[in-house]
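Chain by chain, the residues run as shown.
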Amino acid sequence: MKIYLDGKFVDPADAKISVFDHGLLYGDGVFEGIRLYGGNVFRLEEHLERLEYSAKAIMLDLPLTRKEFSDITCETCRQNGLTDGYIRLVVTRGVGDLGLAPWSCAKPSVFVIASKITLYPKEHYDNGLAIVTVPTRRINPAALPPAVKSLNYLNNILAKIEAKQSGALEAIMLNDQGFVAECTADNIFIVHKGELITPSSSQGALKGITRDTVFAIAKELNIPVREANMTRYDIWTADECFITGSAAEVVPVVKLDGRVIGSGKPGHSTLQILESFRRRVLVEGTKI
Ligand code: PXG
């Protein structure tokens, strides 16, 4: 395995970041989780654009151009002989003094890991997932915009722990107004009376690339889509539910907080979207 780290490809044992890197000390940095399917990087430009926006929001000057990020991403996949997998592209604030001040960090560090990821066992893609709402709220946009894909995931990690303590693999996080924001690393959709509904990004959801892909698929399938405020009640009483993410892909959800959703099996529209997603990822993307 070869890791890209600041201009070089190194063995995992040599892929080291300083204990003085503010990415580690303060979670100060940004990242993307990207998928590789059949030798094509899925929606690479969209991921790199989001990385640029995340960096801009935290006033981190990216040390590479869009083209350079694209090249190192593809090259890391090639170096590892991968045609299918998961790519983690990370930019840290870099090495600095102790103390928050990011201006003490001379130069951001960039690394790329190309590997594999499995978030949920296969049976859940076939039979659906049971999830719970957790007490930890999604961070208020006035504190840290949830649209920033930063290295600080403690908010989501606490929710993940709470899900596990309730015996579930995934959690719904509400925003500070009590509306559904998203899951710990996935966006959420419901199908109700033939309409596809998802919380808007202003409700605390990341502008997911998979979410955006589902919008495109729904258009193709003539399923109307609406971004709206969503409550737990809307999910309990929905006909169908599913979650989306680069790592998770599209996962049917059949239970929330002990209430069975719809028929209790992955719904018709969900399966249509899932099938279309699986076809699309094989033909779309940037060839490595
Ligand atoms: N919300 C949050 C908070 C996320 O972190 C999504 C939604 C879905 O967005 P995308 O663009 O992926 O459709 C994410 C994405 C991991 C991992 O290592 C996490 C994500 C993506 C890839 C890998 O757990 N989160």
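Residues numbered from 1 in each chain as written. Predicted model: local features only at pLDDT ≥ 70, side-chain atom pairs only at ≥ 80, totals over all residues. Heavy atoms only, no water.

**Student:** How should the nonpolar core be read in this particular structure?
**Tutor:** Generally speaking, soluble globular proteins have nonpolar side chains that are buried together. Of all hydrophobic cores here, the largest spans 23 residues; its most connected members are Val 41, Phe 69, Ile 87, Leu 89, Val 91 and Val 110. When residues of this core are traced back to their parent elements, those giving at least two are strand 3 (29-37), helix 2 (44-57), helix 3 (66-79), strand 5 (85-92) and strand 6 (109-115). Contacts of Val 91, omitting those with residues within four sequence positions, involve Gly 29, Val 30, Leu 51, Leu 60, Leu 62, Pro 63, Phe 69, Pro 108, Ser 109, Val 110 and Leu 151. Formed by 22 residues, the second largest nonpolar core is a distinct cluster that contains Ile 172, Val 180, Ile 235 and Ala 238. (Core = buried A, V, L, I, M, F, W, Y, C linked by side-chain atoms within 4.5 Å. Buried < 20%, exposed > 50% of the residue type's maximum accessible area, 1.4 Å probe, protein only. Helix = DSSP H or I, 4+ residues; strand = E, 2+ residues; numbered from the N terminus. Contact = heavy atoms within 4.5 Å.)

**Student:** It is not clear to me how the pattern of salt bridges should be interpreted in this structure. Could you clarify?
**Tutor:** Side chains that differ in sign of charge can pair as their charged atoms come close. Taken as a whole and judged by the stated rule, the model has 18 salt bridges. Residue Lys 122 is joined to Asp 126 by a salt bridge in which the shortest nitrogen-to-oxygen separation is 2.6 Å. A residue is classified by how much of its surface remains accessible, and Lys 122, at 60% relative accessible area, is exposed. Its relative accessible area of 41% is what places Asp 126 among the partly exposed residues. Arg 279 is the salt-bridge partner of Glu 275, the closest N and O atoms lying 3.5 Å from each other. Linking Glu 275 with Arg 279, this pair stays in helix 8 (residues 268-283), spanning four residues, or about one helical turn. (Salt bridge = Lys/Arg side-chain N within 4 Å of Asp/Glu carboxyl O.)

**Student:** Teacher, can you tell me more about the site of the ligand here?
**Tutor:** With respect to spatial proximity, 22 residues lie near the ligand, and among them Arg 88, Tyr 153, Glu 182, Thr 210 and Ser 246 are the closest. For the ligand, an oxygen atom lies 2.6 Å from a polar atom in the side chain of Thr 210. Surface burial for the ligand is 92%, taken as the share of its 540 Å² of free accessible area covered by protein chains. If you list the elements that add at least two residues to the shell around the ligand, you get strand 5, helix 6 (209-220) and strand 13 (240-245). Considering only residue class, the shell around the ligand consists of seven nonpolar, nine polar and six charged. There are two domains that each give the shell around the ligand at least three residues, and those are domain 1 (3-115) and domain 2 (122-285). (Near = heavy atom within 4 Å. Polar contact = N/O pair within 3.5 Å; in protein donor to acceptor, adjacent residues only side chain to side chain. Areas by Shrake-Rupley, 256 points an atom, 1.4 Å probe, with all protein chains shown as cover. Nonpolar A, V, L, I, M, F, W, Y, C, P; charged D, E, K, R; others polar. Domains from an automatic or database assignment.)

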